[in-house]
Each structure stands twice: as C-alpha cells, then as structure tokens.
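Take a look at the letters that make up each chain.
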Amino acid sequence: MLYLWMPETNGIWHWSNGENWLQAASLDQLIQDLQLHQGKEAVIFFPSRHAQVLQQHMAKSHYKQLGADGVKYLLEEFVTLPIDHMKVVHHFHADQLTVLGVAKTTVETWQHAMALLPIKLVALLPDFLILPEPQDQQVVLCNIDQKLLVRESKWVGNSLDDLGLFLEFQPVETHYQYTGLTSEQLESLMAASSAEQRSEFIYQFQALDKPKQHPFNVLPKAKGQEQTVSGYWKACAAVILAIIVVQFSYDLLRWVKLKNVANQTAEQTIEQYKYWFGSSSRVNEQNIKSQFESHLRMSKQGDTQALSLLSRVGPILMQRQILAQQLNYDASILTMALKAKSADDLQALTQQLNQQGFKAELGNVQADGGGAIGVVKIQ
C-alpha cells in the first residue's frame, strides 16, 4: 500500500510505502517517482482545512432515528454549500457522533488530478490522520515541512495557520505532544502551558489499518458498491406500503357495504313491484324497470308525467327503506301511502323531498305495529 500526502497548493508532495515520508517537488516528479509502483493501491491524504468536522454527544436511539441521511443535515448550519453538494461521512461510537463533510466538486477535482498518477486510488482521507492518535486530554501538534497539523482525538483534527489562536480555546488541563515547531510556534505553546503539560516527541509515520474501510474515506464508491436504498427511503417505502394497504382495505369494506345496500335495494324494489302488480315469475333485478314501465303504460291513470315523477322519487324511498303501499296520480299530484319504521322517518323524507325541489306534504300518520303509515303528497 502506498500513501500520498497532498499539498495545499502547488507545494511539495510527500509519499511513503509505509515508512518515512519521501518528497516530490511537483506532480510531474511524483509521477516519475511512482513508476516503480505502477498499479499499486494508494491512499491519499488531503488537506484537512477542506473538511468541516462536527462532533457531538448523541444517544444511540436518537442516532438510529436520524439514520445516515438525517445525520448529514446536522452539518447544514456549519457549511455554505447545500448539503446535497457535500460528500458527508460519519462515525458513531459510545454515544459520540463525528460528522465530516467535503464539497463534492473538490473531491471530483482530486479524482481527476489523481487519474494522472500510475496508482490505484482506494481512499481519500483528511491529513490529520497521519499524526499519532492522542490519549485522553491530550493534543498532538506536528510541523512537517512548514505544514502545521493538529490532532485532538481519534476522530478530530485540522490544519492550523495560527497556533496561538488555537491554544486560546483549549482547556487548561490539556497536555500537548509536539514536534518540529518553529521558534514562534514554540513560544506560543510555552505561553499557553506549563512545562508539565507539554512534551516533545520524534514523529514517525505509521500506516493505517484498513484505510479503505475508514469511516472518513470520502472517495465515492463504485456504482456496484453503492447502497441502492438508504434506511430513510426504506422507511418511506414502508409507510407508503402501509398507506396503500389501509386504503385498499377501506375501499374493499366500502365496496362490500355498498354491494349489500344495492342487494337490499333490489330486493325491496322487487317486493314493491309484487305488492303493486302481483307476483310474476318473470320479474328480476335486470328487467324490473321495463316491467314497471309496461304496467304503467297499460294503466289508465299512468302518463309520462307520473312516470317521470316516480323515477325521481323512487330512489329516495329505496335509500330510506320506505315502502309505498298505495299510490295515486291525479292532477299532477302523486299521492302515496308510505310505511316506514317511525314517524320521524316520514318527516325526514318529506324534508329531503322539499330540499331536492319537490313540493311534498305529509298528511296524517298512524302507528302500525312496529312502524308508522303516513300519506305523502308530492308534486
């Protein structure tokens, strides 16, 4: 495995095969130096200042509720780009969440530039990871070829321009390990800490374990390796499926209910027909309309006006399950003796007819067993 350390501008490149850093004055020089390692897998460390890092305490239940898509929006208020334009990765352990984001355009630029190198790029990691991991309440400071890096924990670090400003925001009890500092940087450190709080060490690069699987690897995965469905969209799909099932169940129950009402209406219509015109083996749900019209045409009292009025009133009677025992049509007035479950049903029928444009009048109402019989005049 090769390790390449990218300069912040057009500076010096560093590369290593897992031991000491070697220098290349330019990208062209680096290409020549890597010819002996052509096709070898390589990890590239990019300047940490290009990354925005957020670390916060979070309960595991809350983390699971957010999911990978929700976590990245925690970074939204700390960056100027829309989150959809950021490559965001994160790591969660022991109720500690660390989120790192880099602009997608920046990552794409690095990929295009690295395509010139005779290596196989497998990971893009922030360069603070080249420093040794600090212990609790410890900070590692390292100046390598005029590049000052800091590592505050296993998952947090950065590139520094002003060491004095950085030290002002550190806890008083912090212990510092440092190497390669300039005289000015060392003075700033001595002013911010006691002799017991700082110690110098000899820097030696140590290769990372499984860099391709590192949580902060911002190199986009190959299409075949991308997760096709995130946890968020799986949850959305589950909710949509549940809505479809509920809607289907509701429609099915509604259809069954309407089917029962239709069957009851058909049975009531046939009973009404038989009550008026006597039993007939030919009458059924399909031909009752034609049979009724035939009888009405043969009736001396029937005419087209009566038929029109009955066709409009009939469905209302069936809807309220009210049976017509007698009817008479004279002088444009339809008089019906109606049997209902109660007098209130007859009164409600009269009100509905009036609301729908008829002129209806309810006459005397008499109790009849478990129901009521009343005369209604309609015109």
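Details of the structure are given in the entry above.
Attention here is on the structure that accompanies the text.

Basis of the calculations
Residues numbered from 1 in each chain as written. Predicted model: local features only at pLDDT ≥ 70, side-chain atom pairs only at ≥ 80, totals over all residues. Heavy atoms only, no water. Salt bridge = Lys/Arg side-chain N within 4 Å of Asp/Glu carboxyl O. Helix = DSSP H or I, 4+ residues; strand = E, 2+ residues; numbered from the N terminus. Buried < 20%, exposed > 50% of the residue type's maximum accessible area, 1.4 Å probe, protein only. Pairing = 2+ DSSP bridges. Axes fitted to C-alpha atoms, helices over the stretch in contact; angles between N-to-C directions. Contact = heavy atoms within 4.5 Å. Phe/Tyr/Trp six-rings, centres within 6.5 Å; stacked < 30°, edge-to-face > 60°. Patch = residues over 30% accessible without salt bridge, like charges linked within 9 Å, V, L, I, M, F, W, Y side chains within 5 Å. Areas by Shrake-Rupley, 256 points an atom, 1.4 Å probe, with all protein chains shown as cover. Lys, Arg positive; Asp, Glu negative; His and termini not counted. Charge placed at Lys NZ, Arg CZ, Asp CG, Glu CD.

What follows is about the pattern of salt bridges. Under the counting rule described, the total for this entry stands at 4 salt bridges. One salt bridge in this structure joins Lys212 and Glu41, with 3.4 Å as the shortest N-O distance. In this pair, Lys212 sits in the loop between strand S13 (198-200) and helix H6 (231-277) while Glu41 sits in strand S4 (residues 41-46), placing the two residues 171 residues apart along the sequence. Where Arg49 meets Asp161, a salt bridge forms, and the shortest distance between an N and an O atom there is 2.9 Å. Taken together, the residues span a long stretch of sequence, with Arg49 in the loop between S4 and strand S5 (52-57) and Asp161 in the loop between strand S11 (157-159) and helix H4 (163-168) at a distance of 112 residues. Classification of Arg49 by relative accessible area gives partly exposed; the value is 34%. Each of Glu8, Arg49 and Asp161 takes part in a single network of salt bridges with overlapping partners.

This part is about the sheet that holds strand S15 (residues 333-340). Taken in spatial order, the 4 strands make up an open sheet running S14-S15-S17-S16, and their pairing is antiparallel. Of all strands in the sheet, those bounded by a partner on one side alone are strand S14 (323-330) and strand S16 (360-368). Geometrically, the sheet is characterised by an average inter-axis angle of 15° between neighbouring strands, direction not taken into account. Bridge count for S16 against strand S17 (residues 371-378) is 7 bridges, and the pairing is antiparallel.

This brings us to the sheet that holds strand S12 (residues 175-179). If you trace the 5 strands from one edge of the open sheet to the other, you get S11-S10-S9-S12-S13, paired in mixed fashion. The sheet is open, and its two edges are formed by S11 and S13, each paired on a single side. When strand polarity is set aside, the average angle formed by the axes of neighbouring strands in this sheet is 15°. Of the pairings in the sheet, the one linking strand S9 (residues 138-144) to S12 comprises 5 bridges and is parallel in character. Across the sheet, Cys142 pairs through a bridge with Thr179, a residue of S12. Where helix H5 (residues 183-192) meets the sheet, it contacts S9, strand S10 (147-151), S12 and S13, and its direction lies at approximately 170° from that of S12.

Bringing the packing of aromatic side chains into the picture now. Applying the stated criterion across every chain, the model contains 9 aromatic pairs. Aromatic pair Tyr3 and Phe45: ring centres 6.2 Å apart, planes at 20°, arrangement stacked. Placement of the pair is Tyr3 in strand S1 (residues 2-5) and Phe45 in strand S4, with a sequence separation of 42 residues. Residue classification places Phe45 among the buried residues on the basis of a relative accessible area of 0%. Ring plane angle 85° and centroid distance 6.5 Å describe the contact between Trp21 and Phe45, whose orientation is recorded as edge-to-face. Of this pair, Trp21 sits in the loop between strand S2 (13-16) and strand S3 (22-24) while Phe45 sits in strand S4, and the two are 24 residues apart along the sequence. Exposure class is identical for Trp21 and Phe45. Each is buried. Site record: aromatic cluster; members linked through ring pairs are Tyr3, Trp5, Trp21, Phe45 and Phe205.

Turning next to a negative patch on the surface. A cluster of acidic residues, Asp162, Glu168, Glu184 and Glu187, forms a negative patch on the protein surface. Relative to the helices and strands, Glu168 is located in helix H4.

Another aspect to go through is the environment of Leu116. For Leu116, the location among the structural elements is in the loop between helix H3 (104-114) and strand S8 (120-126). Assessed through its relative accessible area of 56%, Leu116 is described here as exposed. Measuring from C-alpha to C-alpha, the distance between Leu116 and Ile31 comes to 7.6 Å, with 85 residues separating the pair along the chain. The residues touching Leu116, leaving out its near neighbours within four places in the chain, are Leu27 and Ile31.

Function cannot be read off these values alone, since they describe shape.
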